[in-house]
Amino acid sequence: MRLLADEKTQRKAFETVVRQYSQPLYCTIRRMVLSHDDADDVLQNTFLKAWKSLPAFEGKSKFSTWLYRIAVNEALEFLRGSKARNTISEDEEAGGYIASRLLADDYFDGDDAEARLQEAIHRLPEVQRTVFQLKYCDGMKYSAMSAILGTSEGALKASYHIAVKKISAYLKDV
């Protein structure tokens, strides 16, 4: 952290941060936005925002937590913007639109079951979806999620539990 605070070493230290966190942040973002190209854009925005905000980082949380908070917020902001621009009709949503879109993506390396799981996840309300992805997909602890999302651990556990029930019910019906 000292290297990031010192102007002489800051650029080199940030390059190390980008190398270290690009893959895990990309995976988190990709699960949220689905598209490879969109995930790349959001990841780039995350690192740009982190770079510009470095002077404001106070060290009250772990640097990785701060970085994940930026990434998750950037992904959520992207989703809100894209939802306003690209509303899918109920027919598309009911007909497996998300799964079809994933299976057509050259960068998607999952099978039909993975695509259906992603479809079920993306039917969840935003908070439940985010909590489920961070817990189930990223294996993040509730304490870290609490710091990233600014929500109590109890509320996160409840959201996760409800999300699991909704996903299970959706997958039984498919």
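See the structure printed just above.
The following paragraphs examine the structure supplied in this document. (Residues numbered from 1 in each chain as written. Predicted model: local features only at pLDDT ≥ 70, side-chain atom pairs only at ≥ 80, totals over all residues. Heavy atoms only, no water.)

**Structural notes on the overall build of the protein**
Condition: For helices the rule is a DSSP run of H or I covering at least 4 residues; for strands it is a run of E covering at least 2, with both sets numbered from the N terminus onward. Burial classes: relative accessible area under 20% of the type maximum marks a residue as buried, over 50% as exposed, and values in between as partly exposed (1.4 Å probe, protein chains only). Contact between two residues is taken to exist if any of their heavy atoms lie within 4.5 Å; hydrogens are not considered.
Looking only at helices and strands, the protein features 10 helices and zero strands. Reading the helices (α) and strands (β) of the protein from amino to carboxyl end gives α-α-α-α-α-α-α-α-α-α. Scored against the burial criterion, the 174 residues of the protein give a buried share of 40%. In the protein, of all internal contacts separated by at least 6 residues, the share reaching a separation of at least 24 is 59%.

**Details of helix 3 (residues 36-53)**
Here is the rule: A helix's residues, less one, multiplied by 1.5 Å, set its expected span. Along the arc lie the directions from the helix axis toward the C-beta atoms.
Over its 18 residues, helix 3 runs 25 Å from end to end, which matches the ideal 26 Å to within 8%, given 1.5 Å per residue. His 36, Ala 39, Val 42, Leu 43, Thr 46, Phe 47 and Ala 50 are the residues of helix 3 that are buried. All buried residues of helix 3 fall inside an arc of 135° around its axis, so they share one side.

**Concerning the pattern of salt bridges**
Just so we agree on the cut-off: The term salt bridge refers to a pairing of a side-chain nitrogen on Lys or Arg with a carboxyl oxygen on Asp or Glu at a separation within 4 Å.
Evaluated as defined, the whole model comprises five salt bridges. When the shortest N-O distance is used, the salt bridge between Arg 123 and Glu 119 registers 3.4 Å. The exposure class of Arg 123 is partly exposed, given its relative accessible area of 32%.

**Digging into the packing of helix 7 (residues 112-122) against helix 10 (residues 153-173)**
Defined as follows: Fitted lines through C-alpha atoms give the axes, limited to the stretch in contact for helices. The angle between two N-to-C directions lies from 0 to 180 degrees. Relative orientations are named as follows: roughly parallel for angles under 35 degrees, roughly antiparallel for angles over 145 degrees, roughly perpendicular for angles from 65 to 115 degrees, and oblique for any other angle. Definitions for this section: a left-handed crossing has its near helix turned counterclockwise from the far helix by less than a right angle. A right-handed crossing has that turn clockwise.
It is the contact of helix 7 with helix 10, at a shortest axis distance of 9 Å, that shows an interaxial angle of 130°. With respect to each other, helix 7 and helix 10 are oriented oblique. Here the hand of the crossing between helix 7 and helix 10 comes out right-handed. Residues Arg 116, Leu 117, Glu 119, Ala 120 and Ile 121 of helix 7 form the contact with helix 10, whose own contacting residues are Ile 167, Tyr 170 and Leu 171.

**Focus on unusual backbone geometry**
At Leu 34, a position not held by glycine, the phi torsion is positive, near 75°. Here Leu 34 is to be found in the loop between helix 2 (10-33) and helix 3.

**Description of the packing of helix 8 (residues 126-137) against helix 9 (residues 142-149)**
Viewed as axis vectors pointing N to C, helix 8 and helix 9 meet at an angle of 140°, and their least axial separation amounts to 10 Å. Compared by their axis directions, helix 8 and helix 9 come out oblique. Handedness of the crossing formed by helix 8 with helix 9: right-handed. Along the contact surface, helix 8 presents Thr 130, Val 131, Leu 134 and Lys 135, while helix 9 presents Tyr 142, Met 145 and Leu 149.

**Points about the environment of Tyr 68**
Within the secondary structure, Tyr 68 sits in helix 4 (residues 63-85). Here the alpha-carbon distance between Tyr 68 and Met 145, two residues 77 residues apart in the chain, equals 9.2 Å. Among all residues touching Tyr 68, those that are not within four sequence positions of it are Pro 24, Leu 25, Thr 28, Met 140 and Ile 148.

**Examining the packing of aromatic side chains**
The test is simple: Any Phe, Tyr or Trp ring, taking Trp's six-membered ring, that has another such ring centre within 6.5 Å forms a pair; planes under 30 degrees apart are called stacked, those over 60 apart edge-to-face, and the others tilted. Criterion for a charge above a ring: Arg CZ or Lys NZ at most 6 Å from the ring centre, at most 35 degrees from the ring normal.
Applying the stated criterion to the full structure yields eight aromatic pairs. Ring pairing ties together the aromatic residues Phe 132, Tyr 136, Tyr 142 and Tyr 160, which thus form one cluster. For the cation-ring pair, Lys 135 lies above Tyr 142, with the distance from its terminal atom to the ring centre recorded as 4.7 Å.

**Quick word on the environment of Arg 80**
As a reminder, the rule being used: Two N or O atoms form a polar contact when they lie within 3.5 Å of each other; inside protein one atom must be a possible hydrogen donor and the other a possible acceptor, and for residues adjacent in sequence the pair counts only when both atoms belong to side chains.
Examined against the element boundaries, Arg 80 turns out to sit in helix 4. Assessed through its relative accessible area of 48%, Arg 80 is described here as partly exposed. Between the alpha carbons of Arg 80 and Glu 126 there is a distance of 9.5 Å; along the sequence they are 46 residues apart. At a separation of 2.6 Å, a polar atom in the side chain of Arg 80 contacts the side chain of Glu 126.

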